[in-house]
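Structural features, examined
Residue strings, one per chain:
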Amino acid sequence: MNLQKQSQEIQNIRTLYEKRNKIKTIVIIVGFVSLLILALFFSTLGVTETSISEVCRAIFLALRGALYTQMDGASAQRKIIVLIRLPRMLMAIVSGIGLSISGVAMQAITRNPLVSPFTIGLSSASAFGASLAIVFGISFFPGTEIGIVISAFLTSLICAWVVYLISTRAGMRAESIVLTGIALSYVFSALTSGIEFFAAEHKLASVVRWTFGTLNGATWSKAMIILAFSIICSAIIWRYSLMLNIISSGNDELVISLGIHPKKLRIIIGLLSVLMTSAVISFTGVIGFIGLVAPHIARMLIGADHRFLIPFSGIVGAGLLIISDTVGRLILSPVSIPVGIVVSIIGVPLFIHLILSRRKES
């Protein structure tokens, strides 16, 4: 009788677990569809507003290759939609996905929800690399935009490599990764400030604009590069979602007892996060708080299971970024406020709330 009762309880628990997982899956699907609808709606907004039907017609004509054969009065507006607004929306979506999933991954391997890829100094390093390319022309293609992108990408990778070397000497523990990253962040910030101090006025303006973080100049090719990095890295990180559940909830001794190598896992996940973040910020400039705030919001809504947290964080991060970018474009139109500024204004109150919540829990 007791065995039958225990079996029934186990079955009830399993049924409840599967039901919750189905609800989480539905939430993710609804969130993704809502994100696409939101992006479509925001594509209608700008200096000259248009309708969703006109956006859909512009997309249809572009897919047919007939965008440039149309000579009616709306053809110029359709070209603006396809060549400027839609690439900007796609770049915002894939950038938000990349930054937020990188944040989830870094928080899991360090067991700290206050950590993001920028905590290990990637943003400061990329800003330093961009400053070198802008002010001194130190890059593979001096004086070009691609030279700035490559320089920012490489310096962020160098920063991650230094963090890895120092953390390995310290035992590859979570706290060693965070502390090393914070130290390097200060170093690269100081170096960037030094370059700005000696830079000519017109070059200084370019450096400052880059460090603000912006989606201006978004193109299909740039968005596709970020999309490729985001899809590949996110898919691999998601494959380790069960391991991330374990490593984020227990100490290294417990993780090892379950047959997982925590140092190896931190290296793999950390490298993927670095590649994804570096790909994003080398094109957009420094956009902070997405990798910190989006995972926290997603965790509150869908729970800490990384099988669902990883994709939903990407959706939340993409939503935050397209909302912030749209607000920045419209609030002082025709002047466009860099998205990095708007994200920080939105992110700081949420970050403070996170800190206060952790204080109450402790």
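Now for a look at the structure at hand. Everything numeric here is computed off the predicted structure, so don't read it as measured data.

**Comments concerning the side chain of Thr44**
Topologically, Thr44 is positioned in the loop between α1 (2–42) and α2 (52–64). Sequence-distant contacts of Thr44, defined by excluding residues within four places in its chain, comprise Glu49, Thr50, Ser51, Ile52, Val55 and Arg85.

**Section: the nonpolar core**
Core analysis: the biggest nonpolar cluster contains 82 residues, and Trp210, Ile237, Leu244 and Ile322 have the highest contact counts within it. Looking at this core element by element, the count peaks at 13 residues for helix α3 (residues 75–110). Those residues in contact with Trp210, other than ones at most four positions away along the chain, are Ser126, Ala127, Ala130, Ile134, Ile148, Ala152, Ile281, Ser282, Gly285 and Val286. Counting five residues, the second largest nonpolar core, distinct from the first, contains Val55, Ala58, Ile81 and Val82.

**A closer look at unusual backbone geometry**
Its identity as a non-glycine residue notwithstanding, Arg111 has a phi of 55°, on the positive side. Assignment of secondary structure puts Arg111 in the loop between α3 and α4 (122–136).

**Remarks on the packing of aromatic side chains**
Tallying each qualifying case throughout the model produces four aromatic pairs. Aromatic side chains Phe41 and Phe42 sit 5.8 Å apart centroid to centroid with 45° between the ring planes, which places their arrangement in the tilted category. Since its relative accessible area comes to 11%, Phe42 is described here as buried.

**Let's talk about helix α13 (residues 306–330)**
The terminal C-alpha atoms of α13 lie 35 Å apart, and with 25 residues this matches the ideal 36 Å at 1.5 Å per residue to within 8%. For α13, a buried count of 20 out of 25 residues is recorded, marking the element as mostly surrounded by other parts of the structure.

**Details of α3**
For α3, with 36 residues, the first-to-last C-alpha span of 51 Å sits near the 52 Å given by 1.5 Å per residue. Along its length, α3 reaches its greatest deviation from straightness, about 35°, at Ile81. In terms of residue burial, α3 counts as a mostly covered element, since 30 of its 36 residues are buried. Phi turns positive one or two residues past the end of α3, at Arg111, with a value near 55°.

**Regarding a nonpolar patch on the surface**
There is a patch of nonpolar side chains on the surface, built from Ile158, Trp161, Tyr164, Leu165, Ile166 and Ile267 and spanning about 550 Å² of accessible area. Within the element layout of this structure, Leu165 appears in helix α5 (residues 145–169). On the basis of relative accessibility, which here comes to 36%, the residue Leu165 falls in the partly exposed class.

**Some words on the packing of α2 against α3**
In contact at an axis separation of 9 Å, α2 and α3 are set at 85° when each is read in the N-to-C sense. By the criterion of interaxial angle, the relationship of α2 to α3 is roughly perpendicular. For the pair α2 and α3, contact is made by Glu54, Val55, Arg57, Ala58, Ile59, Leu61 and Ala62 and by Arg78, Ile81, Val82 and Leu86, respectively. For the contact of α2 with α3, a count of residues per class yields eight nonpolar, no polar and three charged.

**Concerning the pattern of salt bridges**
Tallying each qualifying case throughout the model produces three salt bridges. Between Arg307 and Asp305 there is a salt bridge whose closest N-O contact spans 2.6 Å. Three or more residues are tied together by salt bridges with common partners; here these are Arg88, Asp325 and Arg329.

Conventions used here
Residues numbered from 1 in each chain as written. Predicted model: local features only at pLDDT ≥ 70, side-chain atom pairs only at ≥ 80, totals over all residues. Heavy atoms only, no water. Helix = DSSP H or I, 4+ residues; strand = E, 2+ residues; numbered from the N terminus. Contact = heavy atoms within 4.5 Å. Core = buried A, V, L, I, M, F, W, Y, C linked by side-chain atoms within 4.5 Å. Buried < 20%, exposed > 50% of the residue type's maximum accessible area, 1.4 Å probe, protein only. Phe/Tyr/Trp six-rings, centres within 6.5 Å; stacked < 30°, edge-to-face > 60°. Expected span 1.5 Å × (residues − 1). Bend = angle between axes of the 7 residues up to and from the residue. Patch = residues over 30% accessible without salt bridge, like charges linked within 9 Å, V, L, I, M, F, W, Y side chains within 5 Å. Areas by Shrake-Rupley, 256 points an atom, 1.4 Å probe, with all protein chains shown as cover. Salt bridge = Lys/Arg side-chain N within 4 Å of Asp/Glu carboxyl O. Axes fitted to C-alpha atoms, helices over the stretch in contact; angles between N-to-C directions. Parallel < 35°, antiparallel > 145°, perpendicular 65-115°, else oblique. Nonpolar A, V, L, I, M, F, W, Y, C, P; charged D, E, K, R; others polar.

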